[in-house]
Amino acid sequence: METQTPTKPKFDPVRLITQALSLVKHSRLMVLMLPLGIMAGVCYYVYSKPLYMAKSLVYIRAYGATVRDNRVDELRGSGSVLNRFFLTNLTSGRMQLLAAQKMGLLGPRATAEDVLKHVPTVRRELVDTNHVNLVVFAYDKEVVKKFAEVLVEEYKRSQEETWANYREEALARYAEEMERLTQKIAEGHNEILGKEKSENLTEAAIAQKALMEVPLELNRVRMRLKNFDTNYREDLARIDAALVQSADRPDFESVVQMLSLLSAFNKETVVDVGTVVRTPGLGGRAPVNAAAPKLENEITVVQPDMVEEVEEWRKLDKLRRELVQEQAEKAQTFLPDHAVMREIAAKLVEAERQLIVEMQTARQRFDIELAALQEKEKSLEARMPEFYDELAKYDKNVYDLDVLRDGQAMFETARKNLTDRLSAIMFNEERDWADVQFRGHIFLRDDEPVSPNKFKLAMISALIALAGAFGMPILLNMMNTSVATIQDLEDYTGLTGIGMVPMARKELLEDVHRSPAQGATVPNFLLETIRVIRSNIILRPNRHHQCQVIMVTSARPQEGKTSQASNLAWAFRSMGDKTLLLDCDLRRGRVHGFTAVSNELGMTHLLLGDCTPEQAIQTVGHRSSAFDIIPRGPVIAGTTEILCQKRFEDLINLFRQHYDRIVVDTPPVLGLSETSSLQRVCDGVVLVVKAEATSKKDVGDAVTILRKAGAHFFGFVLNAVDLSKASNYYNYYYYSAAYYDDFDDEAAGGGDGDGSAAPDRARPGRQPIGLPGAPEMGRRHTPAV
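Thresholds applied
Counting restarts for each chain, with residues numbered from 1 along the sequence as it is written. Whole-chain, interface and lining totals are the exception, using all residues; otherwise, since this is a predicted model, local features are given only for residues with pLDDT of at least 70 and side-chain atom pairs are given and counted only at 80 or more. To obtain the side-chain values, all non-hydrogen atoms of the structure were used and water was disregarded. For the purposes of this entry, the term helix denotes a DSSP run of H or I that reaches at least four residues, the term strand denotes a run of E that reaches at least two, and both are numbered from the N terminus. In what follows, a contact means two residues having at least one pair of non-hydrogen atoms within 4.5 Å. For accessible areas, the Shrake-Rupley method is used with a probe of radius 1.4 Å. Any residue's cover is judged against the shown protein chains and nothing else. Burial here depends on accessible area, computed with a 1.4 Å probe over protein chains only, as a share of the maximum for the residue type. Under 20% is buried, over 50% is exposed, and the range in between is partly exposed. In this analysis, strands are considered paired if DSSP registers two or more bridges between them. Put simply, a salt bridge is a Lys or Arg side-chain nitrogen that is within 4 Å of an Asp or Glu carboxyl oxygen. For every element, the axis is a line fit to its C-alpha atoms; helices are fit only across the contacting stretch, and the angle between N-to-C directions ranges from 0 to 180 degrees. By the definition adopted for this analysis, an angle is roughly parallel if under 35 degrees, roughly antiparallel if over 145, roughly perpendicular if from 65 to 115, and oblique otherwise. Polar here means any residue other than Ala, Val, Leu, Ile, Met, Phe, Trp, Tyr, Cys and Pro, which are nonpolar, and Asp, Glu, Lys and Arg, which are charged; Gly is therefore polar. Helix span, expected: 1.5 Å multiplied by one less than the number of residues in the helix. Arc, as used here, means the arc of the directions from the helix axis to the C-beta atoms. Stacked, tilted and edge-to-face are the three classes assigned to paired rings of Phe, Tyr and Trp, where Trp is represented by its six-membered ring and a pair needs centres within 6.5 Å; plane angles under 30 degrees give stacked, over 60 edge-to-face, the rest tilted. For a ring to carry a charge above it, either NZ of a lysine or CZ of an arginine must fall within 6 Å of the ring centroid while also lying within 35 degrees of the normal to the ring plane. In protein, a polar contact means a hydrogen-donor-capable atom and an acceptor-capable atom, both N or O and within 3.5 Å, with residues adjacent in sequence counting only if both atoms are side-chain atoms; elsewhere, any N or O pair within 3.5 Å suffices. By definition, no residue in a patch forms a salt bridge, and every one has over 30% relative accessible area; like charges are joined within 9 Å, nonpolar side chains (Val, Leu, Ile, Met, Phe, Trp, Tyr) within 5 Å. Here pLDDT means the predictor's own confidence in every residue, given as a number from 0 to 100.

1. Examining the overall build of the protein
Link 1 in the chain: A tally of helices and strands in the protein yields 27 helices and 14 strands.
Link 2 in the chain: Counted over contacts in the protein with a minimum sequence separation of 6, partners at least 24 positions apart contribute 79%.
Link 3 in the chain: With the model as given, the accessible surface of the protein reaches about 42,800 Å², and the carbon-plus-sulfur share is 54%.

Below, the structure is given as structure tokens:
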């Protein structure tokens, strides 16, 4: 589905002219605002103080300090000397106050705000790096001449005085601070020495260093024992079991394996001579040789022969193997009892004996080393609580000492910084300063004030007068939310304007007894507007093509719906339709007063069944234009609810059978419930809107309520339009009495018989449009017929 691009609204000259003419109604206000604007300018000129101006040239040369110290305000380096010495300080409020006091304008207790009473503005304009224009505005001629020169002199004096005062105060303050810091440093040093002596920190450090080896050594011992459990324990148990089984004849392969395993463990463990260990015994294991010494659970001192490096078993094992081989070779040549064989057998027994002794010695050494490791582990574990206690105590002492030393370092740093500041202040005579000189006036206006300026004031007064003359009416129009034109209301509600009723005299508006022939020869302006409304209703039936029952209502009371309903009933009857006018505003209905009929019997009695329709109906008007009316009747409680019931619907259906047109005058829509219910028995609604009285919001709310109830709108009528206003006269001239006066002139022979006025009576700007067949309303506010 294609989306349509919104078209830009075209320029409407008629709307522009209408808006311009709407300002005419505020002509009195416009005329009043013109002299007020001029009077405002005159009053300002009379009562304002004259302001004089002087522009002076000031020379400035900046000199930097030889010693820089950013911690001293007077010695801090500056990126722009002009910004620091002149632009900031020279025109400051303090300098202006000193200059004003020097000239005798202010007393010693005055403030910078008091300077504004004499010198409201002091402005600086940079010329180059060494020259500045000083612009002074003052209310006095003498002040404007001398103020810049006095300001420069006071600045130079203040610059010297400020530095001298600061130097004296800073030296006294810094000297006192230096003495306090020196005392603090001495106190801190004594506190550190006392802390070291009282806590024996030197001895604690030595003990702490010795204890630091405890956890390391414990870790090494545990790793050694863990290595034994992982790599040696199972193999030793297996070899011991094999040796026990071969106790009668030792298995020398197991012996060699035992020696090799113990030799490997011995290379990983070193036991010093003189170490005291507790031997755990054999744990139920029988010695390989009964002659070997027994190891019980007793204290043993490691002997040199226990820890001597033993590798002799490898030689013995090699010798045993050679003897076994030699014995096998000789057995092929000699008998077992041969001397050679006996010699070899003796050597073999001796080698095996020595090899077994080597195994027993190695095993004894292994047991000693393992017991030493286990004992050492227990000893180290027993010392670990002591290690942790000493470590915590030592760390606390060290932390306390570090805190004291940090404080001491802080005071030392503060003293050094303070020494630098003192040096910068004491030995810096050539501080940052500016040589400022007054070079004279380059422009002086003390004979005629620069403010107020007569020409500018006259222009501003004229602009204020024009702005007030046109701005106030425009603002009032923008704030006015009431309905002014038919086109505006059509754009706001989407309804079609079916007619406009001009403001008329009451006797003309309430004359429903008039003859239908009135205005037949010469049109009557009021009757023609009512006939236009009648014709537009007929041309706009509902979806059932009916326009028999017509409801006339309004958003608020006092909008003229009763007069429109009565005249509309007269208009339908004057065209030959049998018409009935019903007053359904049972609270404040005044059809009886408008048509001068009796109100003793009416709609309230009819709804309650106290009378018949024939008894309630009354006839008014001329013989040929007489129409029937059912007035409101006396106000009776509860009758408004019957309007929303079937009783009223049955009455309307009955009246439909006997009348061509039924005009129903109803209460206002807003605030009352009857109207939204009454529309269901009517063919359509005519909404009466009082021009320039009813707000657009009220009309919009009323239309919304009726639309939600499913009402059909014939359109709206703009009532009580004041044609004496220029904007309304331009839009609706053809509704005015003056327009129809032209027909009187033509009927008297002044015209040419075709409806146009005589040339000598033609009125420029008026273009009468005939009512019958006029274009549809909404283009030029012309009601459609």
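2. Things to note about the pairing of strand S3 (residues 131-138)
Link 1 in the chain: Counting buried positions over the eight residues of S3 gives seven, a clear majority of the element.
Link 2 in the chain: In this sheet, S3 lies alongside strand S2 (residues 121-126) in antiparallel orientation, the contact comprising six bridges. By the bridge assignment, Leu 126 is partnered in S3 with Val 132.

3. Some points on the pattern of salt bridges
Link 1 in the chain: For the coordinates displayed, the defined rule picks out 25 salt bridges.
Link 2 in the chain: With a closest N to O distance of 2.5 Å, Arg 180 and Glu 177 form a salt bridge. One end of the pair is Arg 180 and the other is Glu 177, both in helix H6 (residues 141-199) and three residues apart, which spans about a single turn.
Link 3 in the chain: By relative accessible area, Arg 180 is classed as partly exposed at 39%.
Link 4 in the chain: Classification of Glu 177 by relative accessible area gives partly exposed; the value is 29%.
Link 5 in the chain: Here the residues in one salt-bridge network are Lys 55, Arg 123 and Glu 125, joined through shared partners.

4. Remarks on the packing of helix H17 (residues 525-538) against helix H18 (residues 561-574)
A pair of packed helices can be characterised by two numbers: the angle between their axes and the separation between those axes.
Link 1 in the chain: Viewed as axis vectors pointing N to C, H17 and H18 meet at an angle of 75°, and their least axial separation amounts to 9 Å. In terms of orientation, H17 and H18 fall into the roughly perpendicular class. Side by side, H17 and H18 meet where Leu 527, Ile 530, Arg 531, Ile 533, Arg 534, Ile 537 and Ile 538 of the first sit next to Gln 564, Asn 567, Leu 568, Trp 570, Ala 571, Phe 572 and Ser 574 of the second.
Link 2 in the chain: Classifying every residue of the contact of H17 with H18 by side-chain character gives nine nonpolar, three polar and two charged.

5. Concerning helix H2 (residues 27-47)
Helical periodicity: at 3.6 residues per turn, an α-helix aligns residues three or four positions apart in one direction.
Link 1 in the chain: Between its first and last C-alpha, H2 extends 30 Å over 21 residues, near the 30 Å set by a 1.5 Å rise per residue.
Link 2 in the chain: Every buried residue of H2 is listed here: Met 30, Met 33, Gly 37 and Gly 41. Around the axis of H2, the buried residues are gathered within 70° of arc, so they sit on the same side. Those residues of H2 that are exposed and angled more than 90 degrees off the buried face are Arg 28, Val 31, Val 46 and Tyr 47.

6. With respect to the packing of aromatic side chains
Link 1 in the chain: The full count for this structure, using the stated rule, is one aromatic pair.
Link 2 in the chain: Their ring planes at 80° and their centres at 6.4 Å tell us that Phe 655 and Tyr 659 sit as a pair that is edge-to-face. Of the two residues, Phe 655 and Tyr 659, neither departs from the other in class, the shared state being buried.
Link 3 in the chain: Between the NZ or CZ atom of Lys 49 and the centre of the ring of Tyr 139, over which it lies, the distance is 4.2 Å.
Link 4 in the chain: Above the face of the Tyr 659 ring, Lys 578 is positioned so that its terminal group lies 5.0 Å from the ring centre.

7. Some details on the side chain of Thr 485
Link 1 in the chain: Structurally, Thr 485 is set in the loop between helix H14 (454-479) and helix H15 (486-493).
Link 2 in the chain: Engagement of the side chain of Thr 485 in a polar contact is seen with the side chain of Asp 488, the distance being 3.0 Å.

8. A closer look at unusual backbone geometry
Link 1 in the chain: Notably, His 545 is not glycine yet its phi reads approximately 60°, a positive angle.
Link 2 in the chain: Residue placement: His 545 occurs in the loop between H17 and strand S8 (549-554).
Link 3 in the chain: The exposed category is assigned to His 545, whose relative accessible area is 68%.
Link 4 in the chain: Of note, Gln 558 is a non-glycine position whose phi angle comes to about 60°, a positive value.
Link 5 in the chain: On the secondary structure map, Gln 558 appears in the loop between S8 and H18.

9. A word on the environment of Cys 547
Link 1 in the chain: As for its position among the elements, Cys 547 is in the loop between H17 and S8.
Link 2 in the chain: As a C-alpha pair, Cys 547 and Cys 682 span 135 residues in sequence and 8.4 Å in three-dimensional space.
Link 3 in the chain: The residues contacting Cys 547, other than those within four sequence positions of it, are Ile 537, Ile 538, Pro 541, Arg 661, Asp 683 and Phe 714.

10. Overview of the sheet that holds strand S12 (residues 661-665)
Link 1 in the chain: With mixed pairing, the eight strands of this open sheet are ordered in space as S7-S14-S13-S8-S12-S9-S11-S10. Strands at the two margins of the open sheet, each flanked by one partner only, are strand S7 (497-502) and strand S10 (618-620). Ignoring which end each strand starts from, the neighbouring axes of this sheet average 25° apart.
Link 2 in the chain: As paired strands, S8 and strand S13 (residues 684-690) are joined by five bridges and run parallel to one another. Within S13, the position partnered with Thr 553 by the bridge is Leu 687.

11. What to know about a nonpolar patch on the surface
Link 1 in the chain: A cluster of nonpolar residues, Leu 34, Leu 466, Phe 470, Ile 474 and Met 478, forms a patch on the protein surface that exposes about 480 Å² of accessible area.
Link 2 in the chain: Broken down by element, the residue count for the nonpolar patch peaks at four residues, all from H14.
Link 3 in the chain: Owing to a relative accessible area of 64%, Met 478 belongs among the exposed residues under this scheme.

12. Observations concerning the pairing of S7
Link 1 in the chain: Buried residues dominate S7, accounting for six of its six residues.
Link 2 in the chain: Taken together, the four bridges between S7 and strand S14 (residues 713-721) define a ladder with parallel strand orientation. In the sheet register, Gly 497 faces S14, and the bridge partner there is Phe 716.

13. A word on the environment of Leu 608
Link 1 in the chain: In this structure, Leu 608 sits in helix H20 (residues 603-608).
Link 2 in the chain: In this structure Leu 608 comes out as partly exposed when scored by relative accessible area, which is 38%.
Link 3 in the chain: Distance from Leu 608 to Thr 639, taken between C-alpha atoms, is 7.2 Å for residues 31 residues apart in sequence.
Link 4 in the chain: Excluding anything up to four places from it in sequence, Leu 608 contacts Ile 636, Thr 639 and Ile 642.

14. Re the confidence of the model for the protein
Link 1 in the chain: Overall, the predicted model of the protein reaches an average pLDDT of 75, with 75% of residues at or above 70.
Link 2 in the chain: Mean pLDDT in the protein bottoms out at helix H27 (residues 737-750), which sits at 46, and peaks at S12, which reaches 95.
Link 3 in the chain: Below pLDDT 50 for its whole length, residues 736-740 participates in 21 contacts with residues either more than four positions away or in separate chains.
Link 4 in the chain: Scored below 50 in pLDDT, residues 742-785 makes 81 contacts in the model with residues more than four places away or belonging to other chains.

15. Structural notes on the packing of helix H8 (residues 213-231) against helix H9 (residues 233-245)
Link 1 in the chain: Packing of H8 against H9 leaves a shortest axis separation of 4 Å and a crossing angle of 50°. In terms of orientation, H8 and H9 fall into the oblique class. Contacts between H8 and H9 pair Phe 228, Asp 229 and Asn 231 from the former with Arg 233, Asp 235 and Leu 236 from the latter.
Link 2 in the chain: Here the contact of H8 with H9 is built from residues that sort into two nonpolar, one polar and three charged.

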